[in-house]
Amino acid sequence: MERTLVLLKPSIVMRGLMGEIITRFERKGLRIAGMKMMRLSDELLAEHYSHHKDKPFFAELRASMQASPVVAICLEGVEAVRVVRSMTGVTNGRDAAIGTIRGDYSMSNHHNVVHASDGPHIAVDEINRFFKPEEVFDLGDTNLGILYSEGELEEWND
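Negative phi characterises most residues that are not glycine, and trans characterises most peptide bonds. In this structure, glutamate 79 is a non-glycine residue whose phi angle is positive, near 55 degrees. Positionally, glutamate 79 belongs in the loop between strand 3 (70-77) and helix 5 (80-88). Phi at valine 113 takes a positive value of approximately 65 degrees, unusual for a residue other than glycine. Residue placement: valine 113 occurs in the loop between helix 6 (101-105) and strand 4 (114-116).

For the rest of this paragraph, the subject is helix 7 (residues 120-130). Ala123, Glu126, Ile127 and Phe130 are the residues of helix 7 that are buried. Around the axis of helix 7, the buried residues are gathered within 100 degrees of arc, so they sit on the same side. For helix 7, the exposed residues set more than 90 degrees away from the buried face come down to His121 and Asn128. Its buried side turned inward, helix 7 meets strand 1 (2-8), strand 2 (31-38), helix 3 (42-48), strand 3, helix 5 and strand 4.

Let us look at the packing of helix 2 (residues 18-28) against helix 5. It is the contact of helix 2 with helix 5, at a shortest axis distance of 12 Å, that shows an interaxial angle of 135 degrees. Taken together, the axes of helix 2 and helix 5 lie oblique to each other. Here helix 2 runs over helix 5; the crossing is right-handed. In contact with Arg24, Phe25 and Lys28 of helix 2, helix 5 contributes Val83, Val84 and Met87. Residue composition of the contact of helix 2 with helix 5, by class: four nonpolar, no polar and two charged.

The four strands are arranged 2-3-1-4 in an open sheet whose pairing can be described as antiparallel. This sheet does not close on itself; its edge strands, each paired only once, are strand 2 and strand 4. With strand direction ignored, the average angle separating the axes of adjacent strands in the sheet is 15 degrees. In this structure, strand 1 lies alongside strand 4, joined through three bridges in antiparallel fashion. Across the sheet, residue leucine 7 finds its bridge partner in strand 4, namely histidine 115. Against the sheet, helix 5 contacts strand 1, strand 3 and strand 4, and its axis sits at roughly 30 degrees relative to strand 1.

Analysis parameters
Residues numbered from 1 in each chain as written. Predicted model: local features only at pLDDT ≥ 70, side-chain atom pairs only at ≥ 80, totals over all residues. Heavy atoms only, no water. Helix = DSSP H or I, 4+ residues; strand = E, 2+ residues; numbered from the N terminus. Buried < 20%, exposed > 50% of the residue type's maximum accessible area, 1.4 Å probe, protein only. Arc of directions from axis to C-beta. Contact = heavy atoms within 4.5 Å. Axes fitted to C-alpha atoms, helices over the stretch in contact; angles between N-to-C directions. Parallel < 35°, antiparallel > 145°, perpendicular 65-115°, else oblique. Left-handed = near helix turned anticlockwise from the far one by under 90°. Nonpolar A, V, L, I, M, F, W, Y, C, P; charged D, E, K, R; others polar. Pairing = 2+ DSSP bridges.

And the structure:
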């Protein structure tokens, strides 16, 4: 099973839309292997957004990510990274397709409601950044038989 990180940003938390977004992932068939609400420190944000920390907009990004707690979620499923990225839509909410999370809940490029890992190796690093090993759970084979065909699971695990 592939795992990915999703952050429900303050623009979702403060609007009271956490349950709606989590429900969308669950309805898709992604499984929650870990979830917690947390406040993001300056150090964690500098590490997570290291590719942006020297850009002029970083101070605004940091302030927006610290406006309220975020919800960190570790999701798992076959091709979880790709599926979640497809569900979230493009970064700018005004450009995101209706039906995607950003397309349905965001009008902003900056306040774009969710973060989603953009590759399997990055997902591993991000999950380790936001979760301690004991905060991510092995769900075993529970409900896999109704989410995937046997062939899909065998193909993925090879």
